[in-house]
Every structure is written in structure tokens, then in C-alpha cells.
Amino acid sequence: MTREEQATLVAWLRRPRVVWPTVTDQLEQHGSVREAVAEAAPAQASLFDTSAGDDLAAAAADLERWERAGIRMVSVLDTSYPSNLRMIHQRPPVLFMRGVDDERDAMSVAVVGTREPTPRGIEQTRRLAAGLIKRNIPVISGLAAGIDSTAHRTALASEGRTVAVIGTGIDRAYPPQNAELQDEIAAKGLVISQFLPGSPPTKVSFPMRNAVMSGYALATVVVEAAYRSGARMQARLALQHGRHVFLMRSLLEHDWAREYSQRPGVTVVDNADDVFGELQRLASESTAELVWAQ
Amino acid sequence: MATVFELSEPYRNHLVPVLPPGVGVCAICWTAVDPAYRLCFRCYNAQSAYGPRLADAVAPIALAVKREQLAHELWHYKYDPDASVRGRLELRLAAVLWRFLGQHEACVAEACNVPRFDIVTTVPGTRSRDGEHPLARITGAIVGQTRDRFEPLLALGTPYDVEDRGVHPDRYRTTRTLAERPTVLLIDDTWTTGGRAQSAAIALRDAGATRVAVVVIGRHFDRAFGPGEAYYKAAKPRRFTWETCCLEVRTADR
């Protein structure tokens, strides 16, 4: 995508009352920003007029500024848009990224859980993340306090690949004390945000982030989570995406987890080995021949 | 190796079934209709114009709800720019079709009063990304239940505008006359108005098919359209299951 097209897309996304999922659909259906904008509305088409160029100029300047800060923008029209994420209906039109891509992410696992973990939850997360890294599986998480931060830090300490999918603009950190961790992940792994740089955290941005995290990873592991938690929400979203969900056995003390454990595509696990075995089966599905046998 | 069961089972988590026949459900295509009507506007028009030349039975596997996962997959298995995405979705949708036919092709045949279907064919795609229509590959090469009976019987006929969703007997032509008077199972990925599937059914019947049944993977569904939201609210809590199909329910209700 050319810089002009990128600027047009950013200016489009900033317009009031623009529905982002509709933008995604229109980009995909038309295959180019210019045609999608022309189709969307005459008001949007005027983005290409030099007379209405203030928004465009501002967007172009921002893109330059973001690039200098090491932030790149990837849209659904770019070949580098993550394949796993393309497969789910909640794919955002653009992603902002800091860090490097890695093919191994196609077989990555999201490790999520509560912001207020117990010592047992922390210990489980450490063992799980270290075990995944040992098997060369990237650890994806949401950079929140608690389980998320533990998963990221363990992956970094094990010198493994970790990716943070965050619920704010990529130039902000939430919670603020995780700013340093975010920088370290960007330096050694990858930070992804589906929000325009500068976006503050909101009530809806975290569940939206959970949908993208579910889509980016091949599967989600929930370590420790109460009924009202983003982690349980991510399990629900993952199942709606047709993605596999792993529940740590200790979660079965919760009613919601016992109910989920009965669903198709959900496996109760004790350790990284259990996750790894199932993950290999999931990864082989894409190239396999199909047979009827159960 | 992937099995049909492994790939199709997780769809139970998100597929939305069509409602059983009754008030508020189109008696042909299963979509939401105003309670005062038996058929939706499109099916009413098709029935008025072509009556007995239309398909004998229409069976959607599930609703393809706009902005939900199945509708996403039914578009992206054909048009996603990423070949690996198309391939993965193609295999999954093949598993969905195979699972459904494995358990319910007999119900579809029963709804047509025939013991089985002699030929399985697909509605020709109007456009695709890599030449071959992936639905023909699914039906003719991947799905074990259909591949030995698959024959590409239909080709594009008189060209109509892409936006023209009406039923036209000359929209498709058959590649041969069906002198042996076969029963035909017609597969399509998405039923939006029925214009394509019903046009294909008419072409098959005109060429000699004695029975034509349509199985579609997804019945396009827009919650914001007419009585859509009430229908969706009734359909969504009825958990999708592979054990029953809409035609079976109809037989049981009689």
C-alpha cells in the first residue's frame, strides 16, 4: 500500500461515525483504498480532493511521525497482515505494530488470565509459558497486570518469542507501569494494537483487544479467571471464531469453566505438554487430507 | 490427517440454526418473514412465476449471519487474498458439508420422495480468485460422500448483471441433456435470495432431472432486515446440533 493510500485510510478511519468493521468489508471487497473510499460515500471520496486535503496532510504527517517512532501500519490489504487473524470475522481493518514479524506466530498460543492472580496462578503461568517457549511456541498475551505480565516476562526470561496485543494506542501503555515491559517486548518480540496511536483505554477496547488476540494466536489458554474477566471473555470469543481453547484444570472450580469444558474445541490441560500435543494436531489440520472417520 | 468430526465439531460453538417451520419462517428458504406471510418476498415471486419448476426441497445447514463467523468464512474461502487462508477455510467448510450430508442427505432425499440422489452438482460461481470454483473442488474432490457422484452439469448461460438477484431460467445452461432422468442434489455455499440456486434448479429440471434438492451451507441473514432480529433472538438460543436438520424437524412435525 502506498503512503498516499495509507494516509487516506487513516483519514477515513478518523472520520466521525465511520464503522470500522464496514471499512474492513469495503477494503476487502474492493481490493484498494481508493475504490473502497469512492464506494463508501461521496463525502469519503472527497478525501482525495486536494481542497479537502487537510485531513490527508495530517494523516500523512502522523504516518511519518509514527514511522520515526518505529511504528508501522498494516492493513487487511497488505500481504503481511497476519493469516490467522484474517480467518476471523472480527479482524480489524488495520494493525499498528512495533517489533518484528516471525513465522512461528502462526502456531502461537495466547496465555491469558486475571489481573489479580493467586500465587498458584502465577506459578502455573510461569511453568506454562516456559514450557511453551521450550517447545518453540510463541507466547501471546495482553500486557495487562497479573497473568498477562507474568506470561510475557517468563517468555522474555526464557529468551523466547512473545507478542503483546494491547488495548490502547500503541504509543501508550496500560497499566502505565508496564510501559517498560512494552518497550522490551517491542525490542525483542512484537507489540500489536488495533487502535489509532494516541487512543486511550476504554471499557470496550479491552474486549476488542481480546478478539484480536484470539484471532492472532492459533489457540487460547486460560490460566486463572473469574466469571467477570477478560480472560473468560476471550475464551468465549475464541469459540465463536472456531478457535481451540485450553482451560487449566484448576479453573474447573468455577461453574463457567465446568460448563465450557463440555463444549467442542475445549480441552482441559495440566501443563505445556498437553497444550503442545493438541497444538500439533491443530496445526496439521490446514494441510491434511480430510477423512470421515471419527 | 484431519477428520470430518474434528473439523466440524467446533462449529457447534457458533453456528446458528434456522428455525423450525412455522409462523415467521419462509416455507421455502427458511428466512424470517412477517407472520402474516408463508413465503418471503423473493420466494413468493419465484413460486408465482415458476412454481413446480423450482427446487423440490431447500435445506440450509445454518444461518450465515452478517458479521458473524460463518458468513465471514463463506466469503473468505473464495476471495481472501491469502491463499493459505482460502485453503484452511476450504477444508473446514468441506468438513461442514460432509458432516451435514453424512448425517442428513437421507432426510433431503426423503423430503423429495426419492431413495437417493444420482448426481451431485454445484451452482457455478460467478467469480472466483483462482479460476476453479472452490465449491466444485469441495464437492467434487474433497467430500467423500459426493465426489463419486459429482458432475459439473451447469455452466453460465445468458449473462445477467452481478447485482441481478432474480430467478432466470436461462441464467445457467446444462452441459448435457439429462436423458436418464436423474435425481440431482445441487450444492451452493450461500443462499441470499435464491436467485442463483433456483435458476440452476430450473435449468436442471428443464434438461430432464426428475427431482432437484438444494443444500446450502449458509442461509444469508441480516438481523437488521425486517423481522430479522426477532427470528435471530429465537434461533440463537436453540443450540446448533449435527444430530437434526431442518427437514427432519419438518417431517417430525407433520
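Just so you know, these numbers come straight off a predicted model, no measurement behind them.

The description of two helices packed together rests on the angle between their axes and the distance between the axes. All names here are of chain A. Where helix α10 (residues 205–216) meets helix α11 (residues 230–240), the axes come as close as 9 Å, and the angle between the chain directions of the two elements is 50°. Taken together, the axes of α10 and α11 lie oblique to each other. You can see that α10 and α11 cross each other, and the crossing is right-handed. Contacts from P207, N210, A211, M213 and S214 in α10 reach G230, M233, Q234, L237 and A238 in α11. Of the residues in the contact of α10 with α11, the class split is six nonpolar, four polar and no charged.

All names here are of chain A. Taken together, the nine strands give an open sheet; going across it, the order is β1-β2-β6-β5-β4-β3-β7-β8-β9, and neighbouring strands pair in mixed fashion. Of all strands in the sheet, those bounded by a partner on one side alone are β1 (72–75) and β9 (266–269). Across the sheet, the mean angle from the axis of one strand to that of its neighbour is 25°, orientation sign disregarded. Bridge analysis of strand β5 (residues 162–166) against strand β6 (residues 190–193) gives four bridges, and the strand direction is parallel.

Residues and elements named next belong to chain B. What the rule picks out here adds up to zero disulfides over all chains. Not part of a disulfide, C26 finds its nearest cysteine sulfur in C29, a span of 3.8 Å. For C26, a relative accessible area of 1% corresponds to the buried category. For C43, which is in no disulfide, the shortest distance to another cysteine sulfur is to C40 and amounts to 3.6 Å.

The next subject is the side chain of T174 of chain B. Inspection of the secondary structure assignment puts T174 of chain B in strand β5 (residues 172–174). When sequence neighbours within four positions are dropped, the list of residues in contact with T174 of chain B reads L153, L154, A203, L204 and A207 of chain B.

All names here are of chain A. Counting buried residues along strand β8 (residues 244–248), five of its five residues qualify, which places the element largely inside the surrounding structure. Covered by surrounding structure in β8 are H244, F246 and M248 together with V245 and L247, the residues of both alternating faces. As defined by bridge partners, strand β7 (residues 219–222) adjoins β8 across four bridges and the pair is classed as parallel. From the neighbouring strand, T220 faces β8, where its bridge partner is V245. Following the chain from β7 across α11 to the adjacent parallel β8, one finds a crossover that is right-handed. At this point the chain moves from β8, through helix α12 (residues 255–261), to the parallel β9, and the crossover so formed is right-handed.

Once that is clear, we can look at the interface of chain A and chain B. Listed per partner, the contact involves 30 residues of chain A and 34 residues of chain B. Here chain A packs against chain B, burying approximately 3,200 Å² in sum over the two surfaces, 56% of which is carbon and sulfur. Interface area lost by chain A to chain B is led by M87, L290 and W292 of chain A, which between them contribute 27%. Run the count over chain A and chain B and you get four salt bridges. Taken together, the connections running from chain A to chain B amount to 15 residue pairs in polar contact (both at pLDDT 80 or more). Breaking the side of chain A that touches chain B down by element, the ones donating at least two residues are α2 (20–30), α6 (83–86), α11 and β10 (290–291) of chain A. Broken down by element, the side of chain A that touches chain B gets its largest block of residues, five residues, from α2 of chain A. Split by residue class, the side of chain A that touches chain B holds eleven nonpolar, ten polar and nine charged.

Generally, phi is negative for residues other than glycine and the peptide bonds are trans, each holding for most cases. Each neighbour pair has its own omega, and for Y174 of chain A with P175 of chain A the value is -5°, a cis peptide bond. With respect to the helices, strands and loops of the structure, P175 of chain A is situated in the loop between β5 and α9 (179–188). One non-glycine residue, R67 of chain B, lies in the positive phi region at around 70°.

A few words on α11 of chain A. Residues and elements named next belong to chain A. The complete set of buried residues in α11 reads A231, R232, Q234, A235, L237, A238 and L239. Looking at the packing, one finds that the buried side of α11 touches β3 (109–112), α10, β7, β8, α12 and β9. Count one or two residues on from α11 and you reach G242, which has phi positive near 80°.

Right, let's get into the packing of aromatic side chains. All names here are of chain A. Applying the stated criterion to the full structure yields seven aromatic pairs over all chains. Aromatic side chains Y174 and F206 sit 5.5 Å apart centroid to centroid with 50° between the ring planes, which places their arrangement in the tilted category. Residue Y174 is located in the loop between β5 and α9, and its partner F206 is located in helix α10; the two are separated by 32 residues in the primary sequence. The side chain of R115 reaches across the aromatic face of F206, ending 5.2 Å from its centre.

A word on the packing of α2 of chain A against helix α3 (residues 33–40) of chain A. All names here are of chain A. The N-to-C vectors of α2 and α3 enclose an angle of 120°; their axes lie 8 Å apart at closest approach. Relative to α3, the element α2 is oriented oblique. Between α2 and α3 lies a crossing of right-handed hand. Every residue of α3 that contacts α2 at Q26, L27 and H30 is listed here: V33, E35, A36, E39 and A40. In the contact of α2 with α3, the residues fall into four nonpolar, two polar and two charged.

L9, V222 and L247 of chain A are the most contacted members of the largest nonpolar core, which has 61 residues in total. Here the element with the most residues in this core is helix α1 (residues 3–14) of chain A; it accounts for six residues. Non-local contacts of L247 of chain A, meaning those with residues more than four positions away in its chain, are made with V222, W256, A257, Y260, S261, V266, T267, V268 and V269 of chain A. One finds A57, L74, F100 and I217 of chain B within the second-largest nonpolar core, a separate group that totals 60 residues.

As a further point, take α3 of chain A. Residue and element names in this part refer to chain A. Among the residues making up α3, those that are buried are V33, A36 and V37. Mapping the buried residues of α3 onto a view down its axis gives an arc of 100°, with all of them on the same face. The outward face of α3, more than 90 degrees from its buried face, is lined by the exposed residues A38 and E39.

Here chain B shows a mean pLDDT of 94. Residues at 70 or above account for 95%. Complex prediction metrics read pTM 0.95 and ipTM 0.94.

Calculation rules
- In this numbering scheme, every chain counts its residues from 1 along its sequence in written order.
- Written order decides the labels, with chains lettered from A and ligands numbered from 1.
- With pLDDT at 70 or above as the cut-off, local features in this predicted model cover only qualifying residues; side-chain atom pairs require 80 or more to be listed or tallied, and sums for whole chains, interfaces and linings still use all residues.
- For side-chain calculations, the full set of non-hydrogen atoms in the structure is used, while hydrogens and water are omitted.
- For helices, the fitted line uses only the C-alpha atoms of the stretch in contact; every axis is such a line through C-alpha atoms, and the angle between N-to-C directions lies from 0 to 180 degrees.
- Helix and strand definitions here come from DSSP, where helices need a minimum of 4 consecutive H or I residues and strands a minimum of 2 consecutive E residues; each element is numbered from the N-terminal end.
- Angle categories are assigned with fixed cut-offs, so that under 35 degrees is roughly parallel, over 145 is roughly antiparallel, 65 to 115 is roughly perpendicular, and the rest are oblique.
- Note on convention: near helix rotated counterclockwise from far helix by under a right angle means a left-handed crossing. Clockwise means right-handed.
- Whether two residues touch is decided by their heavy atoms; if any such pair falls within 4.5 Å, the residues are in contact.
- When residue character is reported, Ala, Val, Leu, Ile, Met, Phe, Trp, Tyr, Cys and Pro are called nonpolar, Asp, Glu, Lys and Arg charged, and the others, Gly included, polar.
- Strands pair, by our definition, only if DSSP identifies at least two bridges between them.
- Two cysteine sulfurs form what is called a disulfide whenever their separation falls within 2.5 Å.
- A 1.4 Å probe rolled over the protein chains alone gives each residue an accessible area, and that area as a share of the maximum for its type sets the label: buried under 20%, exposed over 50%, partly exposed in between.
- Handedness rule for crossovers: strands pointing away from the viewer, path from the first strand over the helix to the second running clockwise, crossover right-handed.
- Values labelled buried area give the accessible surface lost by two parts on being combined, using a 1.4 Å probe and summing over both.
- A carboxyl oxygen of Asp or Glu within 4 Å of a side-chain nitrogen of Lys or Arg is what we treat as a salt bridge.
- Any pair of nitrogen or oxygen atoms within 3.5 Å is treated as a polar contact; in protein, a donor-acceptor pairing is required on top of that, and neighbouring residues in sequence qualify only through side-chain atoms on both sides.
- By convention, a stacked pair of Phe, Tyr or Trp rings (six-membered ring in the case of Trp) has centres within 6.5 Å and planes under 30 degrees apart, an edge-to-face pair has planes over 60 apart, and any other such pair is tilted.
- Distance and angle both matter: a charge sits over a ring if NZ of Lys or CZ of Arg is within 6 Å of the ring centre and within 35 degrees of the ring normal.
- Only buried residues count toward a nonpolar core, which is a set of Ala, Val, Leu, Ile, Met, Phe, Trp, Tyr and Cys residues joined through side-chain atoms within 4.5 Å.
- Throughout, the arc means the angular range of directions from the helix axis out to the C-beta atoms.
- Across the chain, each position has a pLDDT score giving the predictor's confidence in that residue, from 0 to 100.

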